[in-house]
Amino acid sequence: MSDQSTNIQQLKDKISNFVKERNWEEFHNPKNLSMSISIEASELMEIFQWLDIKESWDIMTSSEAEHLMEELADVIIYCLSLANQLNIDISTAIEDKVRKNSVKYPAP
Ligand SMILES: [Mg+2]
């Protein structure tokens, strides 16, 4: 069981161990992982596909709440696995991108 203090490296290590223990590393190449991120994102979107905006805001009190969290986790798991395989420091990547975004989209 994790909590809000679990950091990105701990999650990356947990996913890396999970993959290694199952000898899945050959399948977790960058091409397959990038495709898997998109596939899982589509599964996430499918939950919202026919909902109206109000229903989408109420998703966490619906019967789909657990499903939503699972698909969100799937997206993030594959993102972290891709970062593992390519030795990407996610914190640095995010901080750099937010910095670029702040230049591209300055606050009014
Ligand atoms: Mg899924």
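Coordinates for the structure precede this section.
All of these numbers come straight from a predicted model, not from anything done at the bench.

Donor atoms from the polypeptide that bind the magnesium ion are E40 (OE), E43 (OE), E71 (OE) and D74 (OD), placed at 2.1 to 2.3 Å. Along the chain, the residues that donate to the magnesium ion are spaced as E-x2-E-x27-E-x2-D. You can see E43 sitting in helix α2 (residues 30-48) and its partner E71 sitting in helix α4 (residues 65-85), a full 28 residues away along the chain.

In this section: the nonpolar core. By size, the foremost hydrophobic cluster in this structure holds five residues: I15, V19, L80, A83 and I90. Listed by contribution, the elements that provide at least two residues to this core are α1 (8-21) and α4. Apart from residues lying up to four places away in sequence, A83 is in contact with K12, I88 and I90.

For the rest of this paragraph, the subject is the packing of α2 against α4. At a minimum axis separation of 9 Å, α2 and α4 run at an interaxial angle of 165 degrees. With respect to α4, the element α2 is oriented roughly antiparallel. When the axes of α2 and α4 are compared, the crossing they make is left-handed. Contact residues: α2 offers P30, L33, S36, I37, E40, A41, E43, L44, I47 and F48, while α4 offers H67, L68, E71, L72, D74, V75, Y78, C79, S81, L82 and Q85. Here the contact of α2 with α4 is composed, by residue class, of 13 nonpolar, four polar and four charged.

Helix length check: α1 (14 residues) gives 20 Å between terminal C-alpha atoms against 20 Å at 1.5 Å per residue, within 8%. Along α1, the residues that are buried comprise K12, I15, S16 and V19. Down the axis of α1, the sector holding all buried residues measures 105 degrees, keeping them to one side. In α1, the exposed positions that point more than 90 degrees away from the buried face belong to K14 and E21. Considering only its buried residues, α1 is in contact with α4.

All right, on to the packing of aromatic side chains then. Within a pair of aromatic rings, the relevant descriptors are the distance that separates the centres and the angle that separates the planes. For the structure shown, the criterion picks out one aromatic pair. Ring geometry for F18 and W24: centres 5.6 Å apart, planes at 65 degrees, overall edge-to-face. Judged by its relative accessible area of 36%, W24 falls in the partly exposed class. Positioned above the aromatic ring of F18, the side-chain terminus of R22 is 3.6 Å from the ring centre.

The rules behind these values
- Residues numbered from 1 in each chain as written.
- Predicted model: local features only at pLDDT ≥ 70, side-chain atom pairs only at ≥ 80, totals over all residues.
- Heavy atoms only, no water.
- Donors = N, O, S within 2.8 Å, 3.2 Å for Na, K, Ca; no water.
- Helix = DSSP H or I, 4+ residues; strand = E, 2+ residues; numbered from the N terminus.
- Core = buried A, V, L, I, M, F, W, Y, C linked by side-chain atoms within 4.5 Å.
- Buried < 20%, exposed > 50% of the residue type's maximum accessible area, 1.4 Å probe, protein only.
- Contact = heavy atoms within 4.5 Å.
- Axes fitted to C-alpha atoms, helices over the stretch in contact; angles between N-to-C directions.
- Parallel < 35°, antiparallel > 145°, perpendicular 65-115°, else oblique.
- Left-handed = near helix turned anticlockwise from the far one by under 90°.
- Nonpolar A, V, L, I, M, F, W, Y, C, P; charged D, E, K, R; others polar.
- Expected span 1.5 Å × (residues − 1).
- Arc of directions from axis to C-beta.
- Phe/Tyr/Trp six-rings, centres within 6.5 Å; stacked < 30°, edge-to-face > 60°.
- Lys NZ or Arg CZ within 6 Å of the ring centre and 35° of its normal.

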